[in-house]
Amino acid sequence: MSTYKSDFLNILSERGFIHQVSEPDVLDARAVEGTLTAYIGFDCTAASLHVGSLLPIMMLYWLQQTGHRPIALMGGGTTRVGDPSGKDESRRILTEDDINNNLVGIRAIFSKFLKFEGAGGNADKSNAIMANNADWLNKLNYIDFLRDVGKHFSVNRMLAFDSVKMRLERQHELSFLEFNYMVLQAYDFVELNKLYGCTVQMGGSDQWGNIVSGIDLGRRMSGAQMFALTAPLLTTSSGAKMGKTAAGAVWLNADMVSPYDYWQYWRNTEDGDVARFLKLFTTLPLGEIAKLAALQGAEINEAKKVLATEATALVHGRAAADESAGTARKTFEEGTFAQSLPTVEVARATLEQGIGVLNAFAELTSLVSSNGDARRQIKAGGLKVNDANVTDEKMMLTAKDLTVDGAIKLSLGKKKHVLIKPV
RNA sequence: GGGAGAGUGUCCCGAGUGGCAAAGGGGGCGGACUGUAAAUCCGCUGGCUACGCCUUCGUAGGUUCGAGUCCUACCUCUCCCA
């Protein structure tokens, strides 16, 4: 089915990364001829990226794997202004220090997927680059910018973009700042083209308009030929947004979401998403994925385990992935005790005196948000101590509750478990 | 500058006659059924030292036995006119 000649486009296409490509034939030919340089922009509003950013990261990964050069562009400049999207969103302005800290955290994630200059490798034309648009955006002079860049933009056409049109029709406010995002992003593309010879910008399908603006701007300012490649917007088959769970975003940094929880996130993938996610979020060969995708009924769970382990291995390493898989197997399938479950330590003396269940669940382990919540869960039969339902909210946990393994297991529902260990 | 509206349970949307811990959704959590899935059904969805107490309807005052509801000022947002 693949109609491309280049490995790069073939792989992206087979694995389901491509939504739209501008001038696919020309881009394909370029990819065959030589080394492409492509970029994707990331906001650095938090100290980590979450699962939602994984798809673009994987695109950069495949780009590099097929011999091309990826650029991860940090929105250091745009973040400084504060993204105005989301009408009620607290427009907290991040300080320079915050942004720099975030950059460090985010860079750590990229280094797991991409090979950067100086990271052990010798100079290779496919070494990844991390750029920061603050480097050029901060220096801009308004008048010069308007004259050099602004003159190439037609407001008439900008108003016709879907993103703008929708806001106008729904009578949502669209600030001038936000209106300019398109312009800044287009300028980023041209700047990267100038600095690194970057000719391709990738992104989610909602970025199409912005990317095309960049292509136009490049042609007008320097006559460069540039390309757009967008990925489908990801939702689960039941329509939910990717990457958000009850506990909040599924972050990629281990200190924000543990490898075990990360593994669990993928383990709980809906049936209908398994094949798609295997292609997008693991690097397994397509043949193997096809076999897994053919599994029916309950057997799909095997595919989900593979998905979870492979996806976790990419972000947290093989060892952590295997350990998470082992923990899950013991906990869910063998019903035994896994020492590797999340653990909270308490002073032995405190335990000797006894700890109230409410306190243990709410304060100690934060499995529930308050004592009241704990009471409700007890009524609903959702709390367990050592796999036995809690029925009395005045129950005390003492050293007698320690199992042979030297810990007390607290559970909320069937899936969330925490161990309490005396020290 | 003039005029008309809006801000509700710190996840979102949204009803609300002066007696309100405040309808209804969505989302989330728990239970049942399953396969750690989906769908479906049931329960829960301010806090606490809990037959009571405290804090909540943009902010600050006021009227009232009693205010989300009435009055005043202010803040923010939207729309229309200039």
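Preceding block: the structure.
Residues numbered from 1 in each chain as written. Chains lettered and ligands numbered in written order. Predicted model: local features only at pLDDT ≥ 70, side-chain atom pairs only at ≥ 80, totals over all residues. Heavy atoms only, no water.

Focus: the packing of aromatic side chains
Here is the rule: Working definition: a ring pair exists when centres of Phe, Tyr or Trp rings (six-membered ring for Trp) sit within 6.5 Å. Plane angles under 30 degrees give stacked, over 60 give edge-to-face, the rest tilted. Residue burial is assigned from relative accessible area. The probe radius is 1.4 Å, only protein chains are included, and a residue is buried under 20% of its type maximum, exposed over 50%, and partly exposed in between. We call a charge positioned above a ring when the Lys NZ or Arg CZ atom is no farther than 6 Å from the ring centre and deviates by at most 35 degrees from the ring normal.
For the coordinates displayed, the defined rule picks out 9 aromatic pairs. Here the aromatic rings of Tyr-265 and Trp-266 are separated by 5.2 Å at their centres, their planes lie at 80 degrees, and the arrangement is edge-to-face. Judged on exposure class, the residue Tyr-265 and its partner Trp-266 are both buried. Through pairs of rings, three or more aromatic residues link up here, namely Tyr-262, Tyr-265, Trp-266, Phe-277 and Phe-281. We note Arg-107 situated over the ring of Phe-116; from NZ or CZ to the ring centre the distance is 5.0 Å.

Notes on the pairing of strand 3 (residues 69–74)
Inclusion rule: Numbering of helices and strands starts at the N terminus; helices are DSSP runs of H or I of at least 4 residues and strands are runs of E of at least 2. The criterion for strand pairing is that DSSP finds at least two bridges linking the strands in question.
In terms of burial, strand 3 is largely enclosed, as 5 of its 6 residues are buried. Across 6 bridges, the pairing between strand 2 (residues 37–42) and strand 3 is parallel. Bridge pairing in strand 3 places Gly-41 opposite Leu-73. As paired elements, strand 3 and strand 4 (residues 129–132) share 4 bridges and run parallel to each other. When the sheet's bridge partners are listed, Ala-72 is paired in strand 4 with Met-130.

Things to note about the sheet that holds strand 9 (residues 343–346)
Operational definition: Residue contacts are counted whenever heavy atoms from the two residues lie within 4.5 Å of one another. Lines fitted to C-alpha atoms define the axes here, with helix axes fitted over just the stretch in contact, and angles between the N-to-C directions of these axes take values from 0 to 180 degrees.
In space, the 5 strands of this open sheet follow the order 9-15-14-11-12, with mixed pairing throughout. Lying at the two open borders of the sheet, with one neighbouring strand each, are strand 9 and strand 12 (388–389). As paired elements, strand 11 (residues 383–385) and strand 14 (residues 408–412) share 3 bridges and run antiparallel to each other. Opposite Leu-383, over in strand 14, you have Leu-412 as the bridge partner. Strand contacts of helix 19 (residues 357–364): strand 9, strand 11, strand 14 and strand 15 (416–422), with the helix running at about 110 degrees to strand 11, the strand carrying the most contacts.

Looking at the sheet that holds strand 1 (residues 20–21)
As summarised here, the arrangement of the 6 strands in space is 1-6-5-2-3-4, forming an open sheet in which the pairing is mixed. With one partner strand each, in any of the chains shown, strand 1 and strand 4 form the two edges of the open sheet. Bridge count between strand 5 (residues 200–204) and strand 6 (residues 227–231): 5 bridges; the pairing is parallel. Residue pairing across strands places Gly-204 opposite Ala-231, the latter belonging to strand 6. Those strands touched by helix 3 (residues 54–65) are strand 2, strand 3, strand 5 and strand 6, and its axis lies near 160 degrees from that of strand 2. Of the strands in this sheet, strand 1, strand 5 and strand 6 touch helix 12 (residues 208–222), which is tilted by about 170 degrees from strand 6.

As for helix 17 (residues 318–333)
For an α-helix, 3.6 residues make a turn, and residues three or four places apart therefore share a direction. The test is simple: What a helix is expected to span follows from its residue count: subtract one and scale by 1.5 Å.
An ideal rise of 1.5 Å per residue puts 22 Å on 16 residues; helix 17 measures up with 21 Å between its terminal C-alpha atoms. Among all positions in helix 17, only Ala-320, Ala-321, Ser-324, Ala-325, Gly-326, Thr-327, Ala-328 and Thr-331 are buried. Residues of helix 17 that are buried sit in contact with helix 13 (259–267), helix 16 (300–316), strand 14 and strand 15.

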